[in-house]
Amino acid sequence: MSSSVNFLLAFFSASDFAFVSNSAGYGGAIYNEDGATIVFAGTNTFSNNTANGELNDIYNDGILNISGDLTLDGGITGNGVVNFENGSSLLANMNGEAIITGAKVTGTTNLVLDNGSDGNTFKIKGTEENTLKFTDNVLFDIKSDAEELNKTWTITRKSVAEQTAGLEKAGLDSSAAKTIAAISAVKTTGNAAADALFAGLTAAAQLGDAEAAETINEVAKVINPESEAVVQSAAVSTQNIINDLAVERMDMGRNGGDLSLSSGGVWVQGLFNRAKSG
């Protein structure tokens, strides 16, 4: 979608949309006015949307209900209600910034974090209520300060022992678990193709999709770095093999730019597109 959308006194359900490079005065991609409700189901991605020259995805004075997988890079602002249903997922890599601002921010979601997020912070602001919770992440601890409404959350990488234990519980074998743990510490290898694949693997691991465990195990065997020190060299030396295996096990999704694990339907397109363009 390439132009901003204004919702007034309406109900709209968005499923499997990509809102890319839109601009407006309020809400780079969407302006949801008071009295309007938008439900985000399926997989919805926002990227490079701006309002008055600043990154911003949605300006919301109504109600947003997220039941699927949502990728943001400009965040949600406004004075409305933002609610995440159990089973939803959120990717929003905005270090030090407010991901969501609203009157009420509620519910529970699975926050999917980029590799190398250790030490990053982000804010969630609710002027009347701020009770949003995050499910346990297998790779990172996500903790908030004591503020009731204007919360700052800090991301801390779990110990390798904690990561591997959680990953093995999710169905990964020991070697694959160590590989994913090592990859999670490296923000970039300097190799865009490898970064894209690594981002997809760790996203799949964080989502805990048991059906994808077999695919992760297979790809991890090819990469096979079990410590941070060798992740970058592995990315370069095995790029062609990784890409060949990735082509066999992954297919482009319905939106053309969406990458999904064919064995598990895992949501990784936002991470893939971000790594590919970075």
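Structure shown above.
Structural notes, computed from the coordinates.

Parameters at a glance
- Residues numbered from 1 in each chain as written.
- Predicted model: local features only at pLDDT ≥ 70, side-chain atom pairs only at ≥ 80, totals over all residues.
- Heavy atoms only, no water.
- Pairing = 2+ DSSP bridges.
- Helix = DSSP H or I, 4+ residues; strand = E, 2+ residues; numbered from the N terminus.
- 1 Å grid on protein atoms, 1.4 Å probe; cavity = no way out; pocket = protein on both sides within 12 Å on 5 of 7 lines; lining within 4 Å.
- Points joined across faces, edges and corners; volume = space filled by probe spheres on them.
- Salt bridge = Lys/Arg side-chain N within 4 Å of Asp/Glu carboxyl O.
- Buried < 20%, exposed > 50% of the residue type's maximum accessible area, 1.4 Å probe, protein only.
- Contact = heavy atoms within 4.5 Å.
- Core = buried A, V, L, I, M, F, W, Y, C linked by side-chain atoms within 4.5 Å.
- Axes fitted to C-alpha atoms, helices over the stretch in contact; angles between N-to-C directions.
- Parallel < 35°, antiparallel > 145°, perpendicular 65-115°, else oblique.
- Left-handed = near helix turned anticlockwise from the far one by under 90°.
- Nonpolar A, V, L, I, M, F, W, Y, C, P; charged D, E, K, R; others polar.
- Phe/Tyr/Trp six-rings, centres within 6.5 Å; stacked < 30°, edge-to-face > 60°.
- Expected span 1.5 Å × (residues − 1).

Some words on the sheet that holds strand β4 (residues 23–24)
Okay, step 1: Spatial ordering of the open sheet is given by β4-β8-β9, a layout of three strands whose pairing is mixed. Each having just a single partner strand, β4 and β9 (54–55) make up the two edges of the open sheet.

Notes on empty space enclosed by the protein
Okay, step 1: Going through the model one piece at a time under the given rule, you end up with one cavity of 30 Å³ or more.
Okay, step 2: Around the largest cavity, the lining is made up of 15 residues, and of these A92, N93, M94, L113 and I155 lie nearest the centre.
Okay, step 3: For the lining of the largest cavity, the secondary-structure elements that each account for two or more residues are β14 (81–92), β15 (98–111) and β16 (121–130).

Quick word on unusual backbone geometry
The phi torsion of most residues other than glycine is negative, and most of the peptide bonds are trans.
Okay, step 1: Of note in this structure, D16 is not a glycine but carries a positive phi near 65°.
Okay, step 2: Relative to the assigned elements, D16 resides in the loop between β2 (11–15) and β3 (18–20).
Okay, step 3: The phi angle at S21 is positive, at roughly 55°, despite the residue not being glycine.
Okay, step 4: Topologically, S21 is positioned in the loop between β3 and β4.

A short note on the pattern of salt bridges
Okay, step 1: All chains considered together, the criterion is met by one salt bridge.
Okay, step 2: Among the salt bridges present, the one from D136 reaches K158, with a minimum N-O distance of 3.1 Å. One end of the pair, D136, is in the loop between β17 (133–134) and β18 (140–144); the other, K158, is in the loop between β19 (150–157) and α1 (160–169), with 22 residues separating them in the sequence.
Okay, step 3: On the accessibility criterion, D136 (62% relative accessible area) is exposed.
Okay, step 4: Judged by relative accessible area, which is 10%, K158 ranks as buried.

Thoughts on the environment of A14
Okay, step 1: Turning to its location among the elements, A14 is positioned in strand β2.
Okay, step 2: Filtering out sequence-adjacent residues up to four positions away, A14 remains in contact with V39, F40, A41 and N44.

A look at the nonpolar core
Okay, step 1: Formed by 46 residues in total, the largest nonpolar core has its most connected members in F40, F46, I99 and F122.
Okay, step 2: Ignoring sequence-local partners within four residues, the contact set of F122 consists of M94, G96, E97, I99, L111, F134, I142, K151, T152, W153 and I155.

Looking at the packing of α1 against helix α2 (residues 174–183)
Okay, step 1: Packing of α1 against α2 brings their axes to within 9 Å, and their N-to-C directions diverge by 130°. On the basis of the axis angle, α1 is oblique to α2. Remark: the crossing between α1 and α2 carries right-handed chirality. Where α1 approaches α2, its residues V160, Q163, T164, L167 and E168 are matched on the opposing element by S174, A177, K178, I180 and A181.
Okay, step 2: When grouped by side-chain class, the residues that make up the contact of α1 with α2 number five nonpolar, three polar and two charged.

Examining the packing of aromatic side chains
Okay, step 1: On inspection of all chains with the given rule, the structure shows 10 aromatic pairs.
Okay, step 2: Seen in terms of ring centroids, Y26 and Y59 are 5.2 Å apart; in terms of plane orientation they differ by 70°. Their pairing is edge-to-face. With Y26 in the loop between β4 and β5 (30–32) and Y59 in strand β10 (residues 58–60), this residue pair connects regions lying 33 residues apart in the sequence.
Okay, step 3: Note on Y26: relative accessible area 52%, which makes it exposed.

Concerning helix α3 (residues 192–207)
Okay, step 1: A rise of 1.5 Å per residue sets the reference length of α3, with its 16 residues, at 22 Å; its end C-alpha atoms lie 22 Å apart and thus fit the reference within 8%.
Okay, step 2: Burial within α3 is extensive, with 13 of its 16 residues counted as buried.
Okay, step 3: Positive phi appears at G208, one or two residues downstream of α3, with a value of about 65°.

Considerations on the pairing of strand β11 (residues 63–66)
Okay, step 1: Where strand β6 (residues 37–41) and β11 come together, four bridges link them in parallel fashion. Residue V39 lies in a different strand from β11, and its bridge partner there is N65.
Okay, step 2: Across four bridges, β11 lies against β14 in parallel orientation. When the sheet's bridge partners are listed, N65 is paired in β14 with N83.

Side note on the environment of I63
Okay, step 1: Mapping I63 onto the fold places it in strand β11.
Okay, step 2: Using a relative accessible area of 38% as the deciding quantity, one classes I63 as partly exposed.
Okay, step 3: Measuring from C-alpha to C-alpha, the distance between I63 and V81 comes to 4.7 Å, with 18 residues separating the pair along the chain.
Okay, step 4: Those residues in contact with I63, other than ones at most four positions away along the chain, are N32, A36, T37, I38 and V81.

Structural notes on the pairing of β18
For a regular strand, side-chain orientation follows a simple rule: the groups alternate between the two sheet faces.
Okay, step 1: Inspection of the sheet shows β18 paired to β19 by five bridges, in the antiparallel sense. Across the sheet, K143 pairs through a bridge with T154, a residue of β19.
Okay, step 2: From the end of β18 to the start of β19, which pair antiparallel, there are five residues.

Everything listed here is a matter of coordinates, which is why it stays silent on function.
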